[in-house]
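The chain contents come next:
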Amino acid sequence: MNYGQRIKFFRNTVGISANALAKKVGLDPTTIYKIEANDSKPSLGSLESICAALNISLAEFFTEEEQVLGPEIQRLLGTAKKLSPQQIDYLQKLLESLSKD
């Protein structure tokens, strides 16, 4: 598994920079860059912190399903994960109204 590519994929999905991710998890930005370049592998603790900051579980991180959704949809999903149930309901209604046009 390419840890760096997975982290970069999820980071881009959420729309966070490597520097912002490093700050969120308390790592030096060069550490994130080294991990993404596959020059280094994160410790389990660091990986747990990275996943938490990216709002994904370790299981999601290690699931290597074929990514069939485009980056735009992945970004929407990343944003939707942060919404409350009421916000999700509102968003669903909005999307339904837009798709009727």
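The coordinates are above.
This write-up is about the structure you can find in this document.

The rules behind the values
Residues numbered from 1 in each chain as written. Predicted model: local features only at pLDDT ≥ 70, side-chain atom pairs only at ≥ 80, totals over all residues. Heavy atoms only, no water. Helix = DSSP H or I, 4+ residues; strand = E, 2+ residues; numbered from the N terminus. Buried < 20%, exposed > 50% of the residue type's maximum accessible area, 1.4 Å probe, protein only. Areas by Shrake-Rupley, 256 points an atom, 1.4 Å probe, with all protein chains shown as cover. Lys, Arg positive; Asp, Glu negative; His and termini not counted. Charge placed at Lys NZ, Arg CZ, Asp CG, Glu CD. Salt bridge = Lys/Arg side-chain N within 4 Å of Asp/Glu carboxyl O. Polar contact = N/O pair within 3.5 Å; in protein donor to acceptor, adjacent residues only side chain to side chain.

Topic: the overall build of the chain
1) Next: Along the chain, the regular secondary structure elements total seven helices and zero strands.
2) Next: For the chain, the α and β elements follow one another from N to C terminus as α-α-α-α-α-α-α.
3) Next: Once the C-alpha set of the chain is aligned to its principal axes, its extents read approximately 50 × 25 × 20 Å.
4) Next: In the chain, which comprises 101 residues, the share counted as buried stands at 27%.
5) Next: A total of about 6,900 Å² of accessible surface is found on the chain, and carbon and sulfur atoms cover 54% of it.
6) Next: Averaging the positions of the 12 positive and the 12 negative side-chain charges in the chain gives two centres separated by 6 Å.

Quick notes on the pattern of salt bridges
1) Next: Taken as a whole and assessed by the stated rule, the structure comprises three salt bridges.
2) Next: R11 is paired through a salt bridge with E36; the nearest N and O atoms lie 2.7 Å apart. Of this pair, R11 sits in helix α1 (residues 3-14) while E36 sits in helix α3 (residues 29-36); the two residues are 25 residues apart in sequence, bridging distant segments of the chain. Across this residue pair, the class does not change: R11 and E36 are buried.

Details of the environment of N2
1) Next: Within the secondary structure layout, N2 lies in the segment before α1.
2) Next: Sequence separation between N2 and K41 is 39 residues, and the spatial gap between their C-alpha atoms is 9.3 Å.
3) Next: Here the side chain of N2 touches G4 through a polar contact of 3.2 Å, landing on its backbone nitrogen.

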